[in-house]
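Fold and contact review
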Amino acid sequence: MKRWFLLAALAAATTASAHHGWSEYDTDKPLQLNGTIQEAGYVQPHGWIRLKSAGKTWLVVLAPPGRMESRGLPKDKLAVGAGASVVGYPHRTRPGEMRAERITIGSKTTELR
Amino acid sequence: MPPGAGVDIPAGAAAWTVWLAATPPAAAMRAGAWLYPGIEILHIIGFTVLVGAVAMFDLRVLGLGRELPPRALARYLLPWSVGGMLVVLPSGLLLFAAGAPELATNRVFLLKLVLIVAAVLNALAFHIGPWRVGEPWPESAPLRARLHAALSLLLWLAVIACGRLLAYV
């Protein structure tokens, strides 16, 4: 039994889940940005875009791909060069990062929460 | 599309984390709709078995369930903890790889790794220490054995707490 436990001990795990909750974003400071998509990730655990707005590039954290897909925001909508408008909240400590409550591309608004 | 496409690389990310996130398994984790949550589910099942088995044994050392012989209980439970570890380790590596550049700088994640190492060292110290006393295992575990068991419980619960709090920091 000692051997078993040694094996367990040696197999120290590195484990992680990178889901962002909302608590790290300041919901007292809602923010609307209109801009152009510079880069996009339609990825787990959350999609994201870099949005250039008024000369500044923001990292905008979106929703998991499955949720965006089912709400009518497929991958090809997050095209580089496309215009987008987001409403969300700035990160409390990381300047230039925000989490979007909703995103509007063309005439289509998608709720992300 | 390059294999690393889609990962968000924060300024100052370590080169090895960027490399890891660009490997095909990491890219696959980010790309699919169901792979990532599926691996998360496996990870959760793995650590419920791992920590559950460890906690039941710790509680026995602490004096609960005295009708159960500790040596036999260990022979039954500890292989489950190893099995749990064999699920947790690869699933955790995949989850880490998918978002390595960001996670490697996350203080809660680093704390979680430190706690896992501490829990493992604590288990080793128990097994090369008080667990090696002669047969039979005493009616009431020695103080040092009980301290190891209590620490084990605290550390593993803290590991779970850190894992969950990764989502909120």
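Whatever comes next refers back to the structure up there.
So, a few notes on the structure that sits alongside this text. (Residues numbered from 1 in each chain as written. Chains lettered and ligands numbered in written order. Predicted model: local features only at pLDDT ≥ 70, side-chain atom pairs only at ≥ 80, totals over all residues.)

1. Observations concerning the overall build of chain A
Keep this limit in mind: Where helices and strands are cited, they refer to DSSP runs of H or I of at least four residues and of E of at least two residues respectively, numbered from the N terminus. Backbone-placed C-beta atoms define the burial measure: a residue is buried with 20 or more other C-beta atoms within 10 Å of its own, exposed with 12 or fewer, and partly exposed in between. Note that contacts rest on C-beta atoms placed from the backbone: two residues are in contact if these are within 7 Å.
Scanning chain A for helices and strands turns up two helices and six strands. Listing the helices and strands of chain A from first to last along the sequence gives α-β-β-β-α-β-β-β. Put simply, chain A has 113 residues, and 35% of those count as buried. Of all intrachain contacts in chain A linking residues separated by at least 6 positions in sequence, the fraction that spans at least 24 positions is 50%.

2. With respect to the pairing of strand β1 (residues 31-41) of chain A
Residue and element names in this part refer to chain A. Just so we agree on the cut-off: Pairs of strands are assigned from DSSP output, requiring at least two bridges between the strands.
Summarising the sheet, β1 and strand β4 (residues 83-90) pair through six bridges and their orientation is antiparallel. Counted as the bridge partner of Leu31 is Gly88 from β4. Pairing analysis gives five bridges linking β1 to strand β2 (residues 48-53), with the strands arranged antiparallel. For Ile37, the partnering residue across the bridge sits in β2 and is Leu51.

3. A closer look at the pairing of β4 of chain A
Residue and element names in this part refer to chain A. Pairing of β4 with strand β5 (residues 97-105), which is carried by six bridges, proceeds in the antiparallel orientation. By the bridge assignment for β5, Ser85 is matched with Thr104. Between β4 and β5, which pair antiparallel one after the other, the connecting turn spans six residues, and Gly96 there sits at a positive phi close to 85°.

4. Points about helix α2 (residues 24-31) of chain B
Residues and elements named next belong to chain B. To keep it simple, the criterion reads: Our arc is simply the arc of the directions from the helix axis toward the C-beta atoms.
Taken residue by residue, α2 has Ala26, Ala27, Met29 and Arg30 as its buried positions. Projected onto a plane normal to the axis of α2, the buried residues spread over an arc of 155° and lie on a single side. Buried residues in α2 make contact with α1 (15-21), α3 (35-61) and α4 (70-98).

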